[in-house]
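Observations on the three-dimensional arrangement
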Amino acid sequence: MRQRFTSSNPRFNPSSGRRPGAVLATAAVLIAVLLVATNTRSTAGQKYVEHDRSHPLPPVITSGECSTQDKAGAPPSDAIVLFNGKDLSNWEEVEGGGPAKWEVGDGYFQTVPKTGDIQTKDKFGDMQLHVEWATPNPPHGEDQDRGNSGVFLQGLYEVQVLDSYHSVTYADGQASAIYGQYPPQVNACRAPGQWQTYDIIFHGPRFSDEGTLLRRARVTVIQNGVLTQDNVAIMGPTGNHIRPQYTPTPEKMPLRLQDHNHPVRYRNLWVREIPSNWNGD
Ligand code: MG
C-alpha cells in the first residue's frame with residue numbers, strides 16, 4: 001500500500017521527531033542544489049532571467065502559405081527561394097558547372113534523364129529546407145527503378161526520393177530514408193503524380209582545425225506532415241553499398257538533386273538558414 005502525505009503519517013511529517021541536524025543537512029543540500037542550478041544557467045550562456053523584458057524579441061516574418069495539389073504555396077518571407085516557378089537560374093550542373101539542363105514546366109521542373117545531377121549556385125550549412133516532389137504517373141518500373149531521385153544535403157547526404165507507394169524496396173532505400181543508413185519511421189508516401197512535401201531540419205557536421213570530426217551531421221525529416229526521421233546522426237556521406245567516413249568539409253556547400261534517370265518533378269523549394277551559433281540568445 002502506498003504511503004500518503006498526511007499529518008498522520010509520521011514518515012512524511014516533518015514535525016514527527018526529525019532531528020535538528022537532519023533538518024540542517026536537508027537545508028544544506030537544498031542550497032547546494034540551488035547554487036548548482038544557478039551556476040548551470042549562467043554557464044549555459046543564458047544571459048536573461050525569466051520573462052526578461054530586455055531580452056530582444058525575435059524578428060517578425062510572414063509565415064507563408066501551404067501548398068495544395070493544384071497550387072504551390074508561398075514561402076515564408078525570410079526564406080531563400082530556390083525555384084521561382086519559371087527558370088533554373090539558381091541551379092547549375094554538378095559536372096562542369098554549366099546551366100542546369102532539367103526541364104521547366106508550369107510552376108515545376110523535372111529531371112531530364114541522363115543530363116546529370118544539378119546543384120544550387122548558393123551554398124548552405126545548417127538549414128530548414130522545404131522541397132515538394134512528385135514521381136511519374138503512371139508509374140514505371142519497380143523497386144529502386146521507380147521514380148528515383150534524391151535530395152543531397154550539402155551534396156553529400158541523400159534524403160531519398162522514390163515512388164514507395166505500394167512499391168517495395170529495401171528499408172533504408174525507400175522514400176524519406178537517409179539512403180543506406182536510416183529507414184524512415186513510417187511509409188507516408190502519396191500516390192504517383194501526387195505532390196509530396198519534405199520539411200527537413202539539417203545541422204551539418206563540424207570539424208576541428210586539424211580535421212577531426214567534432215560532431216556528426218543531424219537531420220530531421222517530415223514527409224507530408226509526418227515525422228519520418230527524428231534528429232538522426234548521419235554516419236557519413238551516403239552511398240550505394242558503402243558508408244564512407246567523414247572527411248573535413250566546409251560549413252556551407254550546395255544542395256544537390258539527383259538525376260536517377262527518372263522524370264521526377266520538383267516545385268516550391270526554399271531554404272531558411274539556421275545561424276550556426278544559435279543558442280536562443
Ligand atoms: Mg535516389
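Refer to the structure above for everything that follows.
Read on for a plain summary of the structure.

Definitions and cut-offs
- Residues numbered from 1 in each chain as written.
- Predicted model: local features only at pLDDT ≥ 70, side-chain atom pairs only at ≥ 80, totals over all residues.
- Core = buried A, V, L, I, M, F, W, Y, C linked by C-beta atoms within 7 Å.
- Buried ≥ 20, exposed ≤ 12 C-beta atoms within 10 Å, placed from the backbone.
- Helix = DSSP H or I, 4+ residues; strand = E, 2+ residues; numbered from the N terminus.
- Contact = placed C-beta atoms within 7 Å.
- Pairing = 2+ DSSP bridges.

**Examining the nonpolar core**
If you look at the biggest cluster of nonpolar residues, it comprises 43 residues, and the most contacted ones within it are Val151, Leu153, Tyr157, Ile178 and Val219. Of all the elements in the fold, those that place two or more residues in this core are strand E6 (127-134), strand E7 (149-153), strand E8 (157-161), strand E9 (196-203), strand E12 (218-223) and strand E15 (265-273). With 5 residues, the top contributor of residues to this core is E6. With residues up to four places along the chain from it excluded, the contact list for Ile178 reads Tyr157, Val159, Val219, Gln229, Val232, Ile234 and Thr238.

**Details of the environment of Val232**
Mapping Val232 onto the fold places it in strand E13 (residues 226-233). Remark: the alpha-carbon pair of Val232 and Phe202, spanning 30 residues in sequence, is separated by 9.8 Å. Residue contacts for Val232: discarding those within four places in its chain leaves Ile178, Tyr182, Arg218 and Val219.

**Remarks on unusual backbone geometry**
The omega torsion of the bond from Asn137 to Pro138 falls at 5 degrees, within 30 degrees of zero and hence cis. Following the sequence through the fold, Pro138 ends up in the loop between E6 and E7. Despite not being glycine, His166 has its phi angle at roughly 55 degrees, a positive value. Here His166 lies in the loop between E8 and E9. With a phi close to 65 degrees, His241 is a non-glycine residue in the positive phi region. Assignment of secondary structure puts His241 in the loop between E13 and strand E14 (256-257). Residue His241 is classed as exposed on the basis of its 5 C-beta neighbours within 10 Å.

**Looking at the environment of Gln223**
Topologically, Gln223 is positioned in strand E12. Once the C-alpha coordinates of Gln223 and Arg190 are considered, the two residues, 33 residues apart in sequence, prove to be 9.8 Å apart. Apart from the residues within four sequence positions on either side, Gln223 is in contact with Ser176, Ala188, Gln196, Thr197, Tyr198 and Thr228.

**Some thoughts on the sheet that holds E14**
Sheet strands pair via backbone hydrogen bonds, and the direction of the pair is either parallel or antiparallel. Judged by pairing direction, the sheet is antiparallel, and its 5 strands sit side by side in the order E2-E5-E14-E7-E8 without closing on themselves. Looking at strand neighbours, the two that pair on one side only are strand E2 (91-93) and E8, the edges of this open sheet. Examined bridge by bridge, strand E5 (residues 118-120) and E14 share 2 bridges and lie antiparallel to one another. Bridge assignment links Gln119 to a residue of E14, and that residue is Arg256.

**A few points about the pairing of E7**
Within E7, 5 of the 5 residues are buried, which leaves it mostly tucked inside the rest of the structure. Neither face of E7 is open: one carries Ser149, Val151 and Leu153, the other Gly150 and Phe152, and all of them are buried. Taken together, E7 and the strand that follows it, E8, pair antiparallel across an intervening segment of 3 residues, in which Gln154 is found at a positive phi of about 55 degrees.

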